[in-house]
Amino acid sequence: MKVFPDGQLLGTVLAVQANFYKVQLDVDDKEINACFLLCTRRTRLKKIGQQVMVGDRVVIEEPDWSGRRGAIADVLPRQTQLDRPPIANTNQILLVFAVAEPPLEPYQLSRFLVKAESTELDVLLCLNKSDLVSPEVQQQICDRLLAWGYRPLFISVKNQINIDQAAKYLSNKITVIAGPSGVGKSSLINTLIPHANLRVGEVSGKLARGRHTTRHVELFELPHGGLLADTPGFNQPDLDCTPEELVYYFPEVKERLAVGSCRFSDCLHRDEPDCVVRGDWERYQHYLEFLDEAIARQTQLHQQADPESNMKLKSKGKGQSQYEPKLESKKYRRVSRKTQLQALQDLYQESED
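Every chain's residues receive numbers from 1 upward, in the order its sequence appears when written. Where totals are concerned, whole chains, interfaces and linings use all residues; where local detail is concerned, this predicted model gives features only for residues with pLDDT of at least 70, and gives and counts side-chain atom pairs only at 80 or more. No hydrogens and no water enter the side-chain calculation; it runs on all heavy atoms of the structure.

(A) A look at the environment of Glu 117. A run of DSSP states H or I qualifies as a helix once it reaches four residues; a run of E qualifies as a strand once it reaches two. Both are numbered from the N-terminal end. When you line up the elements, Glu 117 lands in helix α2 (residues 106–118). The sequence separation of Glu 117 and Tyr 248 amounts to 131 residues, and the corresponding C-alpha distance is 8.6 Å. It only takes one pair of heavy atoms within 4.5 Å for two residues to be counted as in contact. Those residues within four positions of Glu 117 in sequence are excluded, and the remaining contacts are Val 123, Tyr 150, Tyr 249 and Pro 251.

Next comes the structure, spelled out in structure tokens:
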């Protein structure tokens, strides 16, 4: 076990619930069983606004071995940080989708990929339930995703297809697993880490979508080294990049930009002349829709910074938008019935007088 000269210990935060932190202490290679402590955060950290996140490397002091308790005295500098899910020191993102039940949705997959690329972490793509489609269909999907810039790994948790190969990609790294509900994320974690015992959801027959089962972020230790973070499921991740950054999160566009450049340095690749990005590539329509979101978000942020702004951005579809004046809501608010009755009573009173 790694101990500092003053008796402090070093560990990794595996889970955060309420005001308690589950910390795995660093152990020597010869030790078999990992040591866990349930820790609180020192008041000093709270006063200076030091947040403690899952994945943080922390210093523990005054351990109570009988009660398995301790206190986090310090947080070491983070190598990486994600806001959603809130986790530190991640090396890569594992996106899990299903090829069937629920069916693979290109738009949804594209949205997850863009969000993953925006983190600047390595992106791995696993397609589960491959046993439900033919090899010909798998090849068609593979060719399509290769054009997007990704080489997917087809797996089947149920039939144990390529699970060992997926485990090799996760060895000795901190990996965040993400994807829509019902695609088999929890089942994959339970297969890779049998003691995780995550609750597995079912797919809604009516909506062909999965039901959310994960409630909080937690890191699980992999048998052959590394940590895997299960994250709360969400069907539509937020795209919080700027309009100018968005295009760089599409790998297939990088080839176009490597060959040439647009005429205008601030080109948004919609209807600008001499644009090298605009053209016949499959996800271009996705880019335009995501761009509308990015522009709307940026406009909203500017309006919040400038309360006197009286313009709003309205999407017209097909990648086009325009500014329109905002209506003053108070001017068009309906008068309540109580106010109307009171005014009517006052009017009767005036008439009697």
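Past the structure itself, the notes keep going.
(B) Inspection of the nonpolar core at higher detail. Residues Leu 95, Leu 127 and Leu 219 are the most contacted members of the largest nonpolar core, which totals 31 residues. Elements supplying a minimum of two residues to this core: β8 (92–98), α2, β9 (122–128), α3 (135–148), β11 (174–178) and β15 (227–230). The contacts of Leu 127, once residues within four sequence positions are left out, are Phe 97, Val 99, Leu 104, Ile 141, Leu 145, Pro 152, Leu 153, Phe 154 and Ile 155. What is meant by a nonpolar core is a set of buried Ala, Val, Leu, Ile, Met, Phe, Trp, Tyr and Cys residues, joined one to another through side-chain atoms within 4.5 Å. Remark: exposure states derive from per-residue accessible area (1.4 Å probe, protein chains only) relative to the maximum for the residue type, with buried under 20%, exposed over 50%, and partly exposed in between.

(C) The packing of aromatic side chains, seen in detail. Here a pair means two rings of Phe, Tyr or Trp (six-membered ring of Trp) with centres within 6.5 Å. Their orientation is stacked below 30 degrees between planes, edge-to-face above 60, and tilted elsewhere. As enumerated under the stated definition, the model contains seven aromatic pairs in all. Pairwise contacts between aromatic rings join Tyr 107, Phe 250, Trp 281, Tyr 284, Tyr 287 and Phe 290 into one cluster. The ring of Phe 36 has Lys 22 lying over it, and the distance from NZ or CZ to the ring centre is 4.9 Å. By definition here, charges over rings are those cases where NZ of Lys or CZ of Arg is within 6 Å of the ring centre and within 35 degrees of the ring normal.

(D) Region of interest: the confidence of the model for the chain. For every residue, the predictor reports its confidence as pLDDT, a number between 0 and 100. Looking at the chain, pLDDT values average 83 and 76% of them are 70 or higher. Segment residues 203–214 is flagged for pLDDT under 50; beyond a separation of four residues in sequence, or across chains, it makes 36 contacts in the model.

(E) Up close: the packing of α2 against α3. Closest axis-to-axis distance for the α2/α3 pair is 13 Å, and the angle between their directions is 40 degrees. As summarised for this structure, α2 and α3 are arranged oblique, according to the angle between their axes. Considering how the two elements wind past one another, α2 and α3 form a crossing that is right-handed. Contacts between α2 and α3 involve Pro 106, Leu 109, Ser 110 and Leu 113 from the first element and Arg 144, Leu 145 and Trp 148 from the second. Its residues placed into classes, the contact of α2 with α3 shows five nonpolar, one polar and one charged. Between N-to-C directions, angles span 0 to 180 degrees; the directions come from axes that are lines fitted to C-alpha atoms, helices contributing only their stretch in contact. Angle categories: roughly parallel below 35 degrees, roughly antiparallel above 145, roughly perpendicular from 65 to 115, and oblique for all the rest. By definition, any crossing whose near helix is turned counterclockwise from its far helix by less than a right angle is left-handed, and any crossing with a clockwise turn is right-handed. By the convention adopted, Pro, Cys, Tyr, Trp, Phe, Met, Ile, Leu, Val and Ala count as nonpolar, Lys, Arg, Asp and Glu as charged, and the other residues, Gly among them, as polar.

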